[in-house]
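# Architecture at a glance
Chain residues, written in single-letter form:
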Amino acid sequence: MDKPLKILFATPEAVPFAKTGGLADVAGALPKSLQAMGCEVKIIMPYYRIVKGSGYPLQYLGVEIEVPIGDEKLKSDIYLSHLNQEIPVYFIGREEFFDREYLYSTPKGDYFDNAERFIFFSRAVLIFCQQMGFSPDIIHHHEWQTGLIPAYLKSIYLHDPVLAHTASVFTIHNLAYQGMFKKEKFSLTGLPTEMYNPEGIEFWERINFMKAGIVYAEVITTVSQKYSEEIQTPEYGYGLEGILRKRRENLFGILNGVDYGDWNPAHDPHLISRYDGNDLSGKRECKKDLLKEFHLPPSLEHVPLLGMISRLADQKGFDLLMEILDELFSLDLGFVLLGTGEQKYHDLFTRVAHQYPQKAGIRIAYDDQLAHKIEAGADLFLMPSKYEPCGLNQIYSLKYGTIPVVRATGGLDDTITPYNPTTKEGNGFKFNRYDAKEFLDAIKLAISYYSQTDHWKQLLRNAMTADFSWAKSAESYLQLYRKALEKKRGSISN
Ligand code: ADP
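Remember, predicted model here, so these are calculated numbers, not experimental data.

Across its full length, the protein holds 19 helices and 20 strands. A compact globule built from 494 residues should have a C-alpha radius of gyration of about 23 Å, and the protein, at 24 Å, falls within 12% of that. Its C-alpha atoms put the protein at 70 × 50 × 45 Å along the principal axes. For the protein, the share of sequence-separated contacts (at least 6 apart) that also reach a separation of at least 24 residues comes to 71%. With the model as given, the accessible surface of the protein reaches about 20,700 Å², and the carbon-plus-sulfur share is 50%. Each charge class in the protein can be summarised by its mean position, and for the 54 positive and 63 negative side chains these summaries are 1 Å apart.

Bringing the sheet that holds strand E3 (residues 59-69) into the picture now. Read from one edge to the other, the open sheet built from nine strands follows the order E3-E4-E5-E2-E1-E8-E9-E13-E14, with strand pairing classed as mixed. Looking at strand neighbours, the two that pair on one side only are E3 and strand E14 (251-253), the edges of this open sheet. Each strand of the sheet is rotated relative to its neighbour by a mean of 25°, with strand direction disregarded. Two strands pair when backbone bridges link them, and strand E8 (residues 138-142) and strand E9 (residues 167-172) are joined in this way by five bridges, in the parallel orientation. Residue pairing in the sheet places Ile138 in a bridge with Ala167 of E9. Where helix H7 (residues 209-216) meets the sheet, it contacts E9 and strand E13 (219-222), and its direction lies at approximately 130° from that of E9.

A word on the sheet that holds strand E16 (residues 334-341). Strand order across the open sheet formed by six strands is E17-E16-E15-E18-E19-E20, with parallel pairing between neighbours. Every interior strand has two partners, whereas the edge strands, strand E17 (360-364) and strand E20 (429-431), have only one. Averaged over all pairs of adjacent strands, the angle between their axes in this sheet comes to 15°, without regard to strand direction. Here strand E15 (residues 305-312) runs beside E16; their pairing, made up of eight bridges, is parallel. Residue pairing in the sheet places Leu306 in a bridge with Phe335 of E16.

About the criteria used
Numbering of residues starts from 1 in each chain and follows the order in which that chain's sequence is written. Only residues with pLDDT of at least 70 get local features here, since the model is predicted, and only at 80 or more are side-chain atom pairs given and counted; chain-wide, interface and lining totals rely on the full set of residues. By convention in this description, side-chain values take in all heavy atoms of the structure and omit both hydrogens and water. Only DSSP runs of H or I reaching four residues or more are called helices, and only runs of E reaching two or more are called strands; each is numbered from the N terminus. As a reference, a globule follows 2.2 Å times the number of residues to the power 0.38, and the radius of gyration itself is taken over C-alpha atoms. Residue contacts follow a heavy-atom distance rule, with two residues in contact if any of their heavy atoms lie within 4.5 Å. All accessibility values rest on the Shrake-Rupley procedure with a 1.4 Å probe; residue burial counts only the protein chains present in the view. Asp and Glu count as negative and Lys and Arg as positive, but His and the ends of the chain are not part of the count. Positions of charges follow a simple convention, taking NZ of Lys, CZ of Arg, CG of Asp or CD of Glu. Should DSSP find at least two bridges between two strands, the strands are taken to pair. A fitted line through C-alpha atoms represents every axis, and for helices the fit uses only the stretch in contact; the resulting angles, taken between N-to-C directions, go from 0 to 180 degrees.

In short, the description is geometric, and any link to function would need to be established separately.
Okay, here's the thing in structure tokens:
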């Protein structure tokens, strides 16, 4: 039998400690599945202000590490907490860098010293391992904030007794955020100057931490198969498509799983009434409750109710929605949206609420409970994204019997299959081109099935029985960890 793998998760965020997006859900859930499969997992992340004030039990470890940044050596305190009471979570502390209101940026823009902050964190991860004598088989690290880790492993720590055998797996959750900085910051990394070249960390005379992860990790992953293909094209590659193509043999897509402990209408504490595929009467109660919540007319109970929960950002396809608003609201339907983000969209949806008070319910907020109520109370869920590395809401929607209408991109394409009335297969509706008319046609098609009871029941059955739990994805990661280790061993023996 294979011996248990020792895995260190190096991440800039993880639930329940700190979250800005889907990465935090992954970093809080995948370690649990891996541990259940027999791996020995530890997590390491920055000690942000929000962690300090979280109320979670935190132990000051009493060890201090020194992290070189340029000519200086900066001290760091280490704290320890646990995920699920069994997985150790180590926090790298340094007030000057992490005791701040936000994680990476304020509403005015990125923190000016993000390069220093995440050079410090990435280097600290490795010094922490050295000092604790912890020799992980794999460092699984995430996003640009940790992109330098494999560059260090391949240079400064190449012959280190603790880290020489450690392989790295780098996961890209969103290629649009790359961590690019002035080339003058390169000297702060302490990396050999040869690494500053177009085949390495340099990117058009700047340094790029995401690129470092892509170039130097043994294995690279993204959060869906389709996105791993898309990012190799100029349309989705943000300038890194060439380097990604070069590494395509080591680039894989693994779909994020869902934590059905949190997202299951059969035991969701946020709902007025619970339900499952055998008895949908609770879903009807949830729809009534949702209409009430948004002060919409109860008569909308009998027409399709369209839902959206989203960051209000260009990525999510709101320009398509804008183009079709008039025609959409000329149809017999209701619409509810929950979201926050860019001001232009706050303004747009405030206008929509005024213009269509009998049909549109808008809430500009971040509200977890309302998100659950929309998943349960809506009939259709709209995700017309321009790009979507994985997407979680469409997967939640399936479980809640809320049929997704999505654009065929990234994880949306991998999880949603168009309904076929002949074979009775499929779990949603999908359009291909980023085009408002295609989006509207897909919504109209979905609505046409809503009134055909047999087809609609079949669709709900297909959607609600789909299984996207973590176990399958965790198994795929395990295989990739073994592949990364083989690669590392191969590179040592050569
Ligand atoms: P992304 O990571 O691009 O924002 P995902 O679909 O992968 O998109 O994940 C978004 C997560 O954030 C989901 O769990 C979704 O329910 C939640 N979410 C997004 N906006 C809101 C909001 N305004 N209120 C509550 N939850 C939200």
